[in-house]
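A look at the structure
Here is what each chain is made of, one letter per residue.
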Amino acid sequence: MTSTVPVLQTSFSDLQLMRRGKVRDVYRVDDNHLLIVATDRISAFDCILPTPIARKGEVLTALSRFWFEKLSHIVPNHLVATEISEMPEVARQQEETLSGRSMLVSSTTVFPIECVVRGYITGSGWKDYLRTGEVCGHRLPAELSESDQLPEPIFTPATKADEGHDENISERRMSEILGEELTATLRNISQQLYTEASEYARTRGIIIADTKFEFGRDKEGRIILIDEVLTPDSSRFWPADQYAPGKSQPSFDKQFVRDYLETLDWNKQPPAPPLPDEIAKATTERYLEAYRLLTGKNL
Ligand SMILES: Nc1ncnc2c1ncn2[C@@H]1O[C@H](COP(=O)(O)OP(=O)(O)OP(=O)(O)O)[C@@H](O)[C@H]1O
Ligand SMILES: [Mg+2]
């Protein structure tokens, strides 16, 4: 069913490549559909590593599908099919490469904002808080420690940057870009998605510290949840049993990779060094474990 050979990059002569991200290759299938292919690329410190993480693309795809189904009562999503047999002929021809790692989705006009929700203070939010006491216009309690849970989840939008880092913006700034009504709607939906998902994940031993959603508008004018959802690539997953605020937390999925890279004399600029076999293997196991914990099933 699933491709066993790790895939670092795809290219198909009869599918039009729309974009190659750090992890996903996106193709235009026809006027109304895209094919999102999750490769086994992994990035660390913002660099793509030359070593694939076997089965990572499969885990990202299966996890997105799991959440799309679970959360579809909150907002419609773009997912059309993940089974190759339900995809158009052009995709079925590439079954060996695409199987298990591909989503056929409805194409939308993407809103140019990343809808981030944070339940814990870490990453760029922690940096902003240290500097200003605020994150994206939210004034936070004084004397928070790194990785503390926030009194309630906050909506912290960011602009989508093609290259380099996204920029955190206030909700007021987002309203200037998208209008007040749409901004309030996207904030509401994002908070509902985060709240339901993080409460569920907590019962499964995973803290979802923060996550990013993207939305678009379909041809009928409806607001649609798009992209990947609540994967380790779009979220910070922390093992709940190791949670200890006052420092940065181990990452559920990438910690072995980061720890290994920190032992090297590498300046964190591309090209990134390869990973030893045992680090890559252990990381595959972490991704499979995240899937198993969250869904209760083996992939
Ligand atoms: N239904 C959709 N309609 C239109 N665009 C979509 C849809 N779903 C996802 N996209 C777009 O597909 C792109 C996915 O590529 P992206 O560059 O984010 O890949 P990535 O591997 O996540 O890389 P990065 O880590 O750099 O974000 C995003 O720009 C996203 O907005
Ligand atoms: Mg992305």
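Refer to the preceding data block for the structure.
A brief look at the structure comes next. (Residues numbered from 1 in each chain as written. Chains lettered and ligands numbered in written order. Predicted model: local features only at pLDDT ≥ 70, side-chain atom pairs only at ≥ 80, totals over all residues. Heavy atoms only, no water.)

In this section: the nonpolar core. Core analysis: the largest hydrophobic core is formed by 62 residues, its most contacted members being Trp 67, Leu 186, Leu 193, Ile 208, Phe 213 and Phe 215. If you look at the next biggest cluster of nonpolar residues, it comprises eleven residues, including Tyr 27, Leu 35, Ala 81 and Ala 91. (Core = buried A, V, L, I, M, F, W, Y, C linked by side-chain atoms within 4.5 Å. Buried < 20%, exposed > 50% of the residue type's maximum accessible area, 1.4 Å probe, protein only.)

Next up on the list: the packing of helix H1 (residues 56–70) against helix H6 (residues 180–203). At a minimum axis separation of 11 Å, H1 and H6 run at an interaxial angle of 115°. Remark: the crossing between H1 and H6 carries right-handed chirality. Contacts between H1 and H6 pair Phe 66, Trp 67 and Lys 70 from the former with Glu 196, Ala 197 and Tyr 200 from the latter. Its residues placed into classes, the contact of H1 with H6 shows four nonpolar, no polar and two charged. (Axes fitted to C-alpha atoms, helices over the stretch in contact; angles between N-to-C directions. Helix = DSSP H or I, 4+ residues; strand = E, 2+ residues; numbered from the N terminus. Left-handed = near helix turned anticlockwise from the far one by under 90°. Contact = heavy atoms within 4.5 Å. Nonpolar A, V, L, I, M, F, W, Y, C, P; charged D, E, K, R; others polar.)

This model, assessed by the stated rule, comprises 22 salt bridges. Ionic pairing is found between Glu 58 and Arg 55, a salt bridge with its closest N-O pair at 2.9 Å. When salt bridges with common partners are traced through the structure, they connect Arg 24, Lys 160, Lys 212, Glu 214, Asp 227 and Glu 228 into a single cluster. (Salt bridge = Lys/Arg side-chain N within 4 Å of Asp/Glu carboxyl O.)

What follows is about the sheet that holds strand E7 (residues 102–106). Across a sheet, strands are paired by hydrogen bonds formed along the backbone, either parallel or antiparallel in direction. Strand order across the open sheet formed by five strands is E1-E2-E3-E7-E6, with antiparallel pairing between neighbours. Each having just a single partner strand, strand E1 (16–20) and strand E6 (79–81) make up the two edges of the open sheet. Neighbour-to-neighbour, the strand axes of the sheet open up by a mean angle of 35°, direction not taken into account. In the sheet, strand E2 (residues 24–30) pairs with strand E3 (residues 33–38) via six bridges, with the strands oriented antiparallel. Of the residues in E3, the one forming a bridge with Tyr 27 is Leu 35. Helix-sheet contacts for H1 involve E3, E6 and E7, and the interaxial angle to E7 is about 40°. (Pairing = 2+ DSSP bridges.)

Attention shifts here to the site of ligand 1. Near ligand 1 lie 18 residues; those nearest to it are Arg 19, Val 23, Arg 24, His 78 and Glu 214. At a separation of 2.7 Å, an oxygen atom of ligand 1 approaches a polar backbone atom of Arg 24. Measuring from a nitrogen atom of ligand 1, one finds a side-chain N or O atom of His 78 at 2.9 Å. Coverage of ligand 1 by the protein chains reaches 84% of its 630 Å² of free accessible surface. For the shell around ligand 1, the secondary structure elements donating two or more residues are E2, E3 and E7. (Near = heavy atom within 4 Å. Polar contact = N/O pair within 3.5 Å; in protein donor to acceptor, adjacent residues only side chain to side chain. Areas by Shrake-Rupley, 256 points an atom, 1.4 Å probe, with all protein chains shown as cover.)

A separate point is unusual backbone geometry. Residue Pro 271 follows Pro 270 across a cis peptide bond; omega there is 0°. Mapped onto the secondary structure, Pro 271 falls in the loop between helix H7 (255–262) and helix H8 (277–295). Unlike most non-glycine residues, Cys 136 shows phi in positive territory, near 50°. For Cys 136, the location among the structural elements is in the loop between strand E10 (134–135) and strand E11 (138–139). Assessed through its relative accessible area of 11%, Cys 136 is described here as buried. A positive phi is found at Ser 147, a non-glycine position, where the angle reads about 75°. Owing to a relative accessible area of 0%, Ser 147 belongs among the buried residues under this scheme.

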